[in-house]
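Next come the chains, spelled out residue by residue.
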Amino acid sequence: MFEAMGVHGPTLSPFASLVLDVALLASAFWLLAKPTKRPIMDSLFLATLVLSVTLLRVVMQPLPNVQPVTVAALLVGAQLGARRGAAFAVLVAMISNFFMGDGWWTLFQAVGWASVAVAGSQLSLITPSGLNLRKAIFASLAAAVWFDLIVSFSILDGTIGFTDFITYLIHGIPFDLLHMASNLAFVVWLGGWFSGRLEEQPTLEEIEFAVVNGHGIDG
Amino acid sequence: MFQRFIAFILLSLMLLPLVSANQETSLWNQENSLAWEYDFGTGYISTSPIFVEDKIIVRTSGNSEPAVTALESDGTFVWKHSNLLSKNNDMSPLLSVNAGEGACGTWPDLLLVGWTNGVIDALHPSNGSVYWSTQTEVAGWGITGAASVSEDHVIYPTRRGVGQFCLADGSQEWWAETGLGWRNGVGLYDGSIYSGDELGTLWKIDLDGNSTALATFEGKIRHAPQMTQAGLLVHVQSSTSSTVYILDPVTGEEHQQFPAGPSPAMPVLNGKYAAVADSTNLQMLKCDTMCTVVSQIPFHSNGEIGWQNESHLIVPHNTPESDWGSFRFDGGQNLTLELIETGISGYGTAAPLWFSSNGVNYTVFGNDQSLLRVYQSNYREEIVDTKYINWGTQGIVFAAYVLLASSAIFFINGKKEFFLRTFSLLLVLILLLILPELSQVWSESVDQALPESSTSEVWDEQWPDSWLGTQVVIFEIDGEQTAFGGFVGYENVFTVTKAAAEEAGYSLSVEQTGIGMYISSIDGVEGDGWEYDLDGSKGRLSADNTEIKSTSIVRWTPV
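What counts and how
- Along every chain, residues carry numbers that run from 1 in the direction the sequence is written.
- Chain A is the first chain written and ligand 1 is the first ligand written, with later ones labelled in order.
- Side-chain atom pairs in this predicted model are given and counted only at pLDDT of 80 or more, local residue features only at pLDDT of at least 70, and totals for whole chains, interfaces and linings cover all residues.
- Counting from the N terminus, the helices are the DSSP runs of H or I reaching at least four residues and the strands are the DSSP runs of E reaching at least two.
- By definition, residues are in contact whenever their C-beta atoms, placed on the basis of the backbone, come within 7 Å of each other.
- With C-beta atoms placed from the backbone, a residue is labelled by how many other C-beta atoms lie within 10 Å of its own: buried for 20 or more, exposed for 12 or fewer, partly exposed between the two.
- A set of buried Ala, Val, Leu, Ile, Met, Phe, Trp, Tyr and Cys residues, joined through C-beta atoms within 7 Å, is what we mean by a nonpolar core.
- Throughout, the ten residues Ala, Val, Leu, Ile, Met, Phe, Trp, Tyr, Cys and Pro are labelled nonpolar, Asp, Glu, Lys and Arg are labelled charged, and all others, Gly among them, are labelled polar.
- Between the N-to-C directions of two axes lies an angle of 0 to 180 degrees, each axis being a line fitted to C-alpha atoms and, for a helix, fitted only over the stretch in contact.
- Any angle between 65 and 115 degrees counts as roughly perpendicular, while under 35 counts as roughly parallel, over 145 as roughly antiparallel, and the rest as oblique.
- The handedness criterion is simple: a crossing whose near helix is rotated anticlockwise from the far helix by less than a right angle is left-handed, and one whose near helix is rotated clockwise is right-handed.
- By the convention used here, strands pair only if DSSP detects at least 2 bridges between them.
- Confidence scores labelled pLDDT are given residue by residue by the predictor and lie between 0 and 100.

**Regarding the overall build of chain A**
Alright, step 1. Within chain A, the regular secondary structure consists of nine helices and four strands.
Alright, step 2. Listing each helix as α and each strand as β along chain A from the N terminus yields β-β-α-α-α-α-α-β-β-α-α-α-α.
Alright, step 3. Considering only contacts in chain A between residues 6 or more positions apart, those separated by 24 or more positions represent 78%.

**Considering the overall build of chain B**
Alright, step 1. Counting its regular elements, chain B contains six helices and 42 strands.
Alright, step 2. Considering chain B as a whole, with its 559 residues, one finds that 44% of them fall into the buried category.
Alright, step 3. Residue pairs at least 24 apart in sequence account for 50% of intrachain contacts in chain B once pairs closer than 6 positions are excluded.

**Considering the nonpolar core**
Alright, step 1. Formed by 115 residues in total, the largest nonpolar core has its most connected members in Leu112, Ala275, Ile305, Val315, Val496 and Val554 of chain B.
Alright, step 2. In this structure Val554 of chain B touches Val473, Ile474, Val493, Val496, Thr497, Tyr532, Leu534 and Ile548 of chain B, once residues within four positions along its chain are discounted.
Alright, step 3. If you look at the next biggest cluster of nonpolar residues, it comprises 72 residues, including Leu107, Ala114, Leu131 and Phe147 of chain A.

**Regarding the interface of chain B and chain A**
Alright, step 1. Each side of the interface is counted separately: chain B has 23 residues, and chain A has 22 residues.
Alright, step 2. Ranked by residues supplied to the side of chain B that touches chain A, first place goes to helix α5 (residues 416–449) of chain B with 14 residues.
Alright, step 3. For the side of chain B that touches chain A, the residue count by class is 13 nonpolar, five polar and five charged.

**Looking at the packing of helix α3 (residues 68–80) of chain A against helix α4 (residues 82–100) of chain A**
All names here are of chain A.
Alright, step 1. α4 packs onto α3 with a crossing angle of 155° between their chain directions and a minimal axis gap of 7 Å. As summarised for this structure, α3 and α4 are arranged roughly antiparallel, according to the angle between their axes. Judged by the sense of rotation from one axis to the other, the crossing of α3 with α4 is right-handed. Judged by residue contacts, Val69, Ala73, Val76, Gly77 and Leu80 of α3 engage Ala82, Arg84, Gly85, Phe88, Ala89 and Val92 from α4.
Alright, step 2. In terms of residue class, the contact of α3 with α4 is built from eight nonpolar, two polar and one charged.

**A look at the sheet that holds strand β34 (residues 360–366) of chain B**
Residues and elements named next belong to chain B.
Alright, step 1. Within the open sheet, the four strands sit side by side as β1-β35-β34-β33. Their pairing is antiparallel. Each end of this open sheet is capped by a strand with a single partner; those strands are β1 (32–39) and β33 (353–357). Each adjacent strand pair in this sheet contributes to an overall mean axis angle of 25°, direction not counted.
Alright, step 2. Two elements, β34 and strand β35 (residues 371–377), share five bridges in a ladder whose sense is antiparallel. Residue Gly366 lies in a different strand from β35, and its bridge partner there is Leu372.

**Comments concerning the sheet that holds strand β6 (residues 95–97) of chain B**
Residue and element names in this part refer to chain B.
Alright, step 1. The four strands are arranged β6-β9-β10-β11 in an open sheet whose pairing can be described as antiparallel. The open sheet has two edge strands with one neighbour each: β6 and β11 (130–135). Strand-to-strand, the axes of this sheet are offset by a mean angle of 20°, without reference to chain direction.
Alright, step 2. Sheet topology places strand β9 (residues 110–114) next to strand β10 (residues 119–123); four bridges connect them, and they run antiparallel.

**So, the packing of helix α1 (residues 14–32) of chain A against α4 of chain A**
For any two helices packed against each other, one specifies the inter-axial angle together with the distance between the axes.
Residues and elements named next belong to chain A.
Alright, step 1. Running from amino to carboxyl end, α1 crosses α4 at an angle of 155°, the nearest separation of the two axes being 8 Å. What the angle tells us is that α1 and α4 run roughly antiparallel. Judged by the sense of rotation from one axis to the other, the crossing of α1 with α4 is left-handed. In this structure, α1 contributes Asp21, Leu24, Leu25, Ser27, Ala28, Leu31 and Leu32 to the contact, and α4 contributes Arg83, Arg84, Ala86, Ala87, Val90, Leu91 and Met94.
Alright, step 2. Its residues assigned to classes, the contact of α1 with α4 comprises ten nonpolar, one polar and three charged.

**Some words on the environment of Ala185 of chain A**
Alright, step 1. Examined against the element boundaries, Ala185 of chain A turns out to sit in helix α8 (residues 173–199).
Alright, step 2. For the pair Ala185 of chain A and Ser140 of chain A, spaced 45 residues apart in sequence, the C-alpha to C-alpha distance is 9.8 Å.
Alright, step 3. Discounting chain neighbours no more than four positions away, the residues touching Ala185 of chain A are Ser424, Leu425 and Val428 of chain B.

**What about the confidence of the model for chain A?**
A low pLDDT score tells you not to read the predicted coordinates there in detail.
Alright, step 1. Confidence along chain A averages 82 in pLDDT terms, with 82% of residues attaining 70 or more.
Alright, step 2. Within chain A, the lowest mean pLDDT, 33, falls on strand β1 (residues 2–6) of chain A, and the highest, 94, falls on helix α6 (residues 133–152) of chain A.

**Observations concerning the pairing of strand β26 (residues 273–277) of chain B**
Residues and elements named next belong to chain B.
Alright, step 1. With respect to burial, β26 is a largely interior element, five of its five residues being buried.
Alright, step 2. Burial along β26 is two-sided: the face carrying Tyr273, Ala275 and Ala277 and the face carrying Ala274 and Val276 are both buried.
Alright, step 3. With three bridges connecting them, strand β25 (residues 268–270) and β26 associate as antiparallel partners. When the bridges of β26 are listed, Val268 appears paired with Ala275.
Alright, step 4. Linking two consecutive strands that pair antiparallel, namely β25 and β26, is a turn of two residues; a positive phi of about 70° is found at Gly271 within it.

**As for the environment of Tyr518 of chain B**
Residues and elements named next belong to chain B.
Alright, step 1. Structurally, the position occupied by Tyr518 is in strand β39 (residues 516–522).
Alright, step 2. Among the residues examined, Tyr518 registers 18 C-beta atoms within 10 Å and is labelled partly exposed.
Alright, step 3. A sequence separation of eleven residues divides Tyr518 from Gly529, and the C-alpha atoms of the two residues are 8.8 Å apart.

Structure, rendered in C-alpha cells:
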C-alpha cells in the first residue's frame, strides 16, 4: 500500500490514493445526506462555499501556514452545524490538495478541519446579535494549534520515535504562531461578514425540524 | 493614560527598523555565499592570490614556513613550495607569465615569486617545481615590491635597486641602483621603468639599466607608480599624511597634487579612473588631461585595492575586527560603500581575487588571519533579481508602518475592533517577514537544547578512504544510490549538494521560497519533490539554511 516513507509520512501508491479519495468523498456525501427542503439551493450554496474557500487556500499557498480554511471550517460549523461543517472541511481538503499536492496528509487535514468544524458547532459562537467575536478569536487561536497537531500525526510512519515526534512539534512552533496570527486576522476582518452570509442558510438541524414539523402539521 | 502609554510604545517600535537598518545583510552578502575555506594554520596572506591553470595560488608568510600554495577551485590542496630562508612578510605580488620565447631563450608557463631573502623563483604552475631560481641583493631584506614583465624579461625591484632578468633562465641582464626601497613596485610605461624609494625619490630607469632621479618628495614612495592620461600618479607617504602627485613622466614636473591621509595604500587604475586610499579615505580620481577627485568615502586601507570591474571595488579594511569594504561606482559622481562580511575581519592588505570556474564566479579573500575564504555567486536560476530595490519587501514594510500607526491611533481612541483588525494584520506581516530567520534560529536552539536522534548515516566501506573526514553527498535516483565525496569546507546542505551535482553532471532545479531554497528536481527527476537526510536525521529546514559539519553525509531521496 505504501510505496515509500518520507518526511510527510507514508507515500501512497496510486491505488491507495484512490481508496483514500473515495473514502473521503463518501464520508462527505454521507454527512450531507439528510432531508432538505431546498436540495438544489443547498447544494449550490455549499458547492460555492467549498470552491471559494478552496480557491482562497490555493491562492494563499505561498504564505507558509496561512490557512483560511481553519477559520472557515470553524464558522461553517458554528453556523451550519457539525455535519455540513465537517463535509465542507473534507471537500475543501480534497479539492484544494488536488492542486497543491495530494497524499497521506490529506486525510489528516480533512480530519483536522472537520474536528474544528464540529468544535465550532458546539461552542455557541453565534448569538442572536451575530458572531461572538471574543469567543471566535479564542476559538480560532485554539483551532490553529489543534489543527497543526492533528496534521503532525501524518509524519508517523513507524520509524519516528516519541522523542523525535515531540522535537518535530517543537520545531514547528514558529509556523503555529503564524497560523494563529492569520486566524486572528481572518476572524476580526472577515468573521462577522462570513458568518452573516452563512446566517441566511438554515442548518441541517433546522431543516430537519422544519420537515418534521411540516409532516406533523400535514399529519 | 494606559492607552497613551501603549500607543507610545507602539509608535516607538516604528523607529526600531531605522536603528537596525545598518545591521541588514549587505547586497554583496545577499548575492554571494561561502563556497569553502582553507586554513593555513599560521601566517599572513599579504598580497592577492592569483588564478593560474584553474588553480588558486596563495602566498603566506610571517611564520616559520613562508610558502606559495596551490589549491584547486574547490579547495583541494595541489602543491606547496616553501622558502624557509625568507625573512619578513612576503608581500611581493605573485606574477603569472605565459610561455614564450625571446632573445634570451624560451620558457614555459611560469609563476614568478619574489622573496624577502632576495630570491626570485620561477615555478611551474602545474606542480610548483622550480624552473629556475636566482638570488638578488639583500640589505636587511630583499624583494617586497611588484615586478613587471616586458617581452622576454622580468623587471624586479630589489632592496636597493631594480634588476632585469631573463625569463628563460633567470640570468640578470642588468641591475640599476636606486635608493633603499620597501614595497617599491616598478611601473613600466613606454619603454621606461619607474620606481620609488624610502627617501621619496622617484627613479626612472631605461631599458638598458640607466637610472635617473626624476623627482624627489618629502616622504616615502611605497607602490608602483601608475600612468594616467594626465601623467604619472605617485602617492607619497609622509609622517602624518600623504599626497597624491600627478607628474610629467618625462621631466618629473609636478602637474597636480591632492592631499590625502596617512599610510597610503597602493593606487590602482581602471580606465581613466584611479582609486587611492589611506587610513582616512578612499578617493576616486578621474584623470583626463587633468585629474579631479570625483568622490571620496571615509575608509581605512593601507594595502592593495581590488577593482573587480568598472563599477565595483572591494578593499580590505586594515583595522582590528573590521569588515571589508565593497564600493559601487557608477562612473559619475556616485561612490557608495557597504561593509561586507567575509568571516575574516581584521588586519589585511591583500586585495580579493576574482575568477570563474564552470560558469560560477568566485571571490577569494585572505588576510592576516591565515584563512582563505572563497565565496561564490549565489545560484539564481529561478530567483528574481533583487540587485536594487526589492519593491515587494519595501511595500510590506511600508504597510507594516501604516498598520502600526493605525493600531496605535485606534487603541488610543478606544476603537477596539479597528485596533484588532490593524494589529492582527501587522502581526501577520511581521511574522511573514521574520519567519525564515525565526524558524532557523528556533530550530538551532531546539537542536542544541534537545538530545539528537540516535540514528546516523552509516559509512559505506565501498567508499574510498580519501573521503574519510570529508563531506559526502548521496543521491538516490531510480532506486540506485550514487555517492560523491571528498568535499571540504562547504557550510550548508545546498552548497555541498550543488558541488556534488556539478561533479556528477546532474542538473539541479531550485526554487526560492519564503523559507529558503527548495530543490525540486535532480538530474531531471522531480517526483513529488526531494527531501534530504543529514547524518541520518531528516532535514527540518531548507537546504541553504541547514549547516553541515566537515564530516557530514547528506542523502537526497525523491518523495
